[in-house]
Amino acid sequence: MAATSNVTEIIFLGFSQNWNEQRVISVVFLLMYIAVVLGNGLIVVTILASKGLTSPMYFFLSHLSSVEICYCPVTAPKLIFDSFTKRKVISLKGCITQIFFLHFFGGTEIFLLTVMAYDHYVAICKPLHYTAIMNQWMRGLLLAVAWGRGLLHSVGQTFLIFQLPLCGPNIIDRYFCDVHPVLKLACADTVLISLLILTNGGSISVVSFSVLMASYLIILHSLRSHSLEGRQKALSTCASHVAVVGLFFIPCSFVYMRPCVTLPADKIVAVFYTVATPLLNPVIYSFRNAEVRNAMRRLMGRRVIWEEK
């Protein structure tokens, strides 16, 4: 790319050009970023330190929180830093790197959410065989598939952008680099590239969403034979997962499951899947779980006792 591109750096317009508004935005995103790291970090530490949270559901939840901790720093720190500078710039190599990790962790999260839906299906529809099916080997395999599919998706998106010559103007109306706005800087025919990007991004969304819907339709059908208490517990767990899936899938679908064009609303929508979902994930999926809350209390209790000694 460096040999054929006239662009060596990319300028972000960000959310606002007003200095006072930028400072407010930086404080808001800083607080959200800290909450993402602390909230998801607490989930990971709690699950790893608690002997009672050893089921496959908590295994996948800890890895989901780990992905969130890695996903949010791809965009948030740069936005916070840029809020204190007049010229919001990123190098071309930095831009490509940001696209790679954005789609790597984002793709991995989509597949992890799909794996968690399958885990719920097995737990609710095949409870007697749950331990045998979701054994340690199967958990490791599903986790490896999620990370591997996320990597393949990211490599595909990054490669398609990397080979394009960029001529500018080198300004994009975003606060981070992504395939659609960078594609607009290309000085070559992008019809085929746009189609391949849409196919790559859209296919994982369609396949994952289809698996999710199939899992929950089967779960809802099977709940008719469960007791009232069993139905309430299953629906509570599934509702939390559906909420997280909705927060992540709907904004992603709006941005990536359409022709490669940019819209003014994309910046606001991007906040939902880059910051808001990682922020709300611990609240929706974990803090509403009594077992996780009790494990956190025990963990904090042990810390207090240790400090007193």
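Above: the structure in question.
A brief structural summary. Owing to the predicted nature of the structure, the values given are computational and were not obtained by experimental measurement.

Grouped burial of nonpolar side chains is what soluble globular proteins tend to show. In terms of nonpolar packing, the biggest core is built from 84 residues, with Ile 10, Ile 161, Cys 177 and Tyr 273 touching the most fellow members. Ranked by residues supplied to this core, first place goes to helix α4 (residues 92-125) with 17 residues. With near-sequence residues (within four places) excluded, Tyr 273 lies in contact with Tyr 71, Phe 176, Asp 178, Phe 248, Pro 251, Cys 252, Val 255, Tyr 256 and Pro 278.

Once that is clear, we can look at the packing of aromatic side chains. Applying the stated criterion across every chain yields a total of 15 aromatic pairs. Seen in terms of ring centroids, Phe 100 and Phe 104 are 5.9 Å apart; in terms of plane orientation they differ by 25°. Their pairing is stacked. Taken together, the residues span about one helical turn, with Phe 100 and Phe 104 both in helix α4 at a distance of 4 residues. The class for Phe 100 is partly exposed, based on a relative accessible area of 22%. Overall, the relative accessible area of 14% leaves Phe 104 in the buried class. Ring pairs connect the aromatic residues Phe 100, Phe 101, Phe 104, Phe 105 and Trp 147, which therefore count as one cluster. Over the ring of Phe 59 we find Arg 139; its NZ or CZ atom is 5.6 Å from the centre of that ring.

Our focus in this paragraph is the environment of Ile 11. Along the chain, Ile 11 falls in strand β1 (residues 9-12). In this structure Ile 11 comes out as buried when scored by relative accessible area, which is 18%. Residues Ile 11 and Val 89 lie 78 residues apart in sequence; the distance between their C-alpha atoms is 4.5 Å. When sequence neighbours within four positions are dropped, the list of residues in contact with Ile 11 reads Arg 87, Lys 88, Val 89, Asn 170, Ile 171 and Ile 172.

Turning to the side chain of Asn 200, a few remarks are in order. Following the sequence through the fold, Asn 200 ends up in helix α8 (residues 191-222). You can call Asn 200 buried: its relative accessible area is 18%. A distance of 3.1 Å separates a polar atom in the side chain of Asn 200 from the backbone oxygen of His 153. When residues no more than four places from it in sequence are discounted, the contact partners of Asn 200 are His 153, Gly 156 and Gln 157.

Criteria and thresholds
The residue count restarts for each chain, going from 1 along the sequence in the order it is written. For this predicted model, a pLDDT threshold of at least 70 governs which residues receive local features, and a threshold of 80 or more governs which side-chain atom pairs are given and counted, while totals over whole chains, interfaces and linings are taken from all residues. Hydrogens are left out, water is left out, and the side-chain values use all remaining heavy atoms of the structure. To define a nonpolar core, start from buried Ala, Val, Leu, Ile, Met, Phe, Trp, Tyr and Cys residues and group those joined through side-chain atoms within 4.5 Å. Remark: exposure states derive from per-residue accessible area (1.4 Å probe, protein chains only) relative to the maximum for the residue type, with buried under 20%, exposed over 50%, and partly exposed in between. Going along the chain from the N terminus, every DSSP run of H or I of four or more residues is numbered as a helix, and every run of E of two or more is numbered as a strand. Throughout, a residue-residue contact means that at least one pair of heavy atoms, one from each residue, lies within 4.5 Å. Here a pair means two rings of Phe, Tyr or Trp (six-membered ring of Trp) with centres within 6.5 Å. Their orientation is stacked below 30 degrees between planes, edge-to-face above 60, and tilted elsewhere. Criterion for a charge above a ring: Lys NZ or Arg CZ within 6 Å of the ring centre, and within 35 degrees of the ring normal. Polar contact criterion, stated in full: a pair of N or O atoms within 3.5 Å, where within protein one must be able to donate a hydrogen and the other to accept it, and residues adjacent in sequence count only if both atoms are side-chain atoms.

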